[in-house]
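Report on the structure
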Amino acid sequence: MRDYHIPVMLKQCINFIAPKPGGIYVDATIGGGGHSLGLLESCPDIHLIGFDQDSEALLEAHKTLFPYQDRVELIQANFSRMRTELAFRQIKTVSGILFDLGVSSHQLETPERGFSFDLDSPLDMRMDQSSDLTAEIVLNELSQKALTRIFYDYGEELNASRIAGKIVKIREEQPFKTTGDLVKVIESVVGKGTKASLKTKARIFQALRIYVNQELEILEQALKDAINILEPGGRIVVLSYHSLEDRIVKNVFRSAAEGEEQTSEASFLNSTKKRKLQLLTRKPLQADAEEINNNPHSRSVKLRAAEKI
Ligand SMILES: C[S@@+](CC[C@H](N)C(=O)[O-])C[C@H]1O[C@@H](n2cnc3c(N)ncnc32)[C@H](O)[C@@H]1O
C-alpha cells in the first residue's frame, strides 16, 4: 500500500474523524486505502464505505483492507453519487466522511495514465478509465479560446493564451498524441530547465486534469451532500492540494457554519439562520517539515475539518 500512495496527515485525519465503535464512516476517495486502514486500525468496530472512480485504486484498497473485509464495502463511483449510493443501501446518516482530493502517487507515477509531465506517455488523464473525455481529445478538439480558459481558470497560468495559441497552430500539422508533445509546446513558450517553466508545466497539467475529470464542478455539491448526510456530532475532514479546491472547501464550510437563511412559517418577518457545522479548523492545517521530507506529495496539502451540529 505504501508503494501505491503514502496517506497524507494520517494521524490528524484519524484524530479529527475520531471513529467510534458501531459508526459508519465514508472514505470518499479511498485510493490505496491508507487512510481507511488507519481508521479501521484505530477502531476496528466500525463499518467503512469507500468510494473511488478508479478501478485500479479499488483493487489496491481491497488488498490493503483485506483483514477488515467483513467491515468494508468498496464502491466504484464518483463521490458526486455518494448520496444516491448510500440511499440505495438504506443508509440515511453516517458518523464521519473523509475526502482526500486529487490524484494518488500511483496514478501520477503510472506512465499510461498520462498525469505526469516527467514521463512521455499517452495524453489520457482520466481518473475513471471508463469515461470518454481524455486530455488528447481536449487538446486536439477544443478551440483556442476554450483552451485558454481552461489553462487560466484551472491552472491560474498567466501564459495561458500564448500556450493555447501555439497548441492550435501545431495541431494543424500534427495532432497531439503524448504528454511529451505538450511539454515541448510549453517549453517553446516559457523556456526549459528553469523553476518558472517547471511551474508552468505543473499548472498546465493540473488544469487539463481538472477539466478532464470535472473536478471542481462536482466538488461544491458533493461537500454539501456530505454535510447533509452527517449525523449530529459527525465529522468531515477534507484534504485539498491546490488553492482552487481549498477555496471551494473553505466557502462551503463557512456558509454551513454561518447558517443559511430560513424563514419561519409563523412570520415571514422572522428569519433565522440554521447552522449546520462547527468548524474544527479556523485556518487550514498543513503537513510538518518531517512529513514533507518523507512524502513530497504532502507539500501542498491543506486540511480542513468540521463537526455537524
Ligand atoms: C489522493 S488519492 C487518495 C489516497 C488515499 N487517501 C490513500 O490513503 O491511499 C485520491 C483518490 O481519489 C480518487 N478520486 C478523485 N476524485 C474523485 C471523485 N470525484 N470521485 C471518486 N474518486 C475520486 C482518485 O481516483 C484517487 O484514487
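Note that the coordinates shown come from a computational prediction; the quantities given were computed from them, not determined experimentally.

**Focus on the domain arrangement of the protein**
As assigned here, the protein comprises domain 1 (10-106 + 216-308) and domain 2 (111-213). One C-alpha centre belongs to domain 1, the other to domain 2, and the line joining them spans 30 Å. The interface of domain 1 with domain 2 comprises 13 residues on the first partner and eleven residues on the second. Between domain 1 and domain 2 the total buried area reaches about 1,100 Å² when both faces are included, carbon and sulfur atoms providing 47% of it. Among the residues domain 1 hides against domain 2, the three largest losses belong to Gln53, Val103 and Leu244. Together they make up 41% of the total. At the surface where domain 1 touches domain 2, the tally comes to three salt bridges.

**Some thoughts on the side chain of Arg235**
Along the chain, Arg235 falls in strand 5 (residues 230-240). Looking at Arg235, its side chain comes within polar contact range of the side chain of Glu307, at 2.7 Å. Not counting residues within four places of it along the chain, the set of residues in contact with Arg235 comprises Asn15, Phe16, Ile17, Ala18, Ser95, Gly96, Ile97, Leu230, Leu280, Ala306 and Glu307.

**A word on the environment of His297**
Structurally, His297 is set in the loop between helix 13 (289-294) and strand 9 (302-308). Given the relative accessible area of 19%, His297 is considered buried. Note: C-alpha distance between His297 and His5 (292 residues apart in sequence) is 9.2 Å. Residues contacting His297, with those up to four places away along its chain left out, are His5, Val8, Val103, Ser105 and Tyr241.

**Brief notes about the packing of aromatic side chains**
Working definition: an aromatic ring pair is given by the centre-to-centre distance plus the angle between the planes. Taken as a whole and assessed by the stated rule, the structure comprises two aromatic pairs. Aromatic side chains Phe79 and Phe99 sit 5.0 Å apart centroid to centroid with 85° between the ring planes, which places their arrangement in the edge-to-face category. Separated by 20 residues along the polypeptide, Phe79 in the loop between strand 3 (72-76) and helix 4 (82-88) and Phe99 in strand 4 (residues 94-100) bring together distant segments of the chain. The two residues Phe79 and Phe99 agree in class, both being buried.

**Considering the site of the ligand**
Around the ligand sit 24 residues in total, of which His35, Asp52, Phe79, Asp100 and Gln107 are the nearest. Between an oxygen atom of the ligand and a main-chain N or O atom of Gly34, the distance comes to 3.2 Å. Computed on the free molecule, the ligand has an accessible area of 600 Å², of which 98% lies beneath the protein chains in the complex. Most atoms of the ligand, that is more than half of them, are within 2 Å of grid points of the largest cavity. Partitioned by chemical class, the residues of the shell around the ligand number nine nonpolar, twelve polar and three charged.

**Thoughts on the pairing of strand 5**
With eight of its eleven residues buried, strand 5 lies for the most part within the structure. Pairing geometry for strand 4 and strand 5, over six bridges, is parallel. Paired with Val94 across the bridge in strand 5 is Leu230. Note: strand 5 against strand 9, six bridges, orientation antiparallel. When the bridges of strand 9 are listed, Ser240 appears paired with Lys302.

About the criteria used
- Residues numbered from 1 in each chain as written.
- Predicted model: local features only at pLDDT ≥ 70, side-chain atom pairs only at ≥ 80, totals over all residues.
- Heavy atoms only, no water.
- Domains from an automatic or database assignment.
- Contact = heavy atoms within 4.5 Å.
- Buried area = accessible area lost by both parts, 1.4 Å probe.
- Salt bridge = Lys/Arg side-chain N within 4 Å of Asp/Glu carboxyl O.
- Helix = DSSP H or I, 4+ residues; strand = E, 2+ residues; numbered from the N terminus.
- Polar contact = N/O pair within 3.5 Å; in protein donor to acceptor, adjacent residues only side chain to side chain.
- Buried < 20%, exposed > 50% of the residue type's maximum accessible area, 1.4 Å probe, protein only.
- Phe/Tyr/Trp six-rings, centres within 6.5 Å; stacked < 30°, edge-to-face > 60°.
- Near = heavy atom within 4 Å.
- Areas by Shrake-Rupley, 256 points an atom, 1.4 Å probe, with all protein chains shown as cover.
- 1 Å grid on protein atoms, 1.4 Å probe; cavity = no way out; pocket = protein on both sides within 12 Å on 5 of 7 lines; lining within 4 Å.
- Sits in = over half its atoms within 2 Å of the grid points.
- Nonpolar A, V, L, I, M, F, W, Y, C, P; charged D, E, K, R; others polar.
- Pairing = 2+ DSSP bridges.

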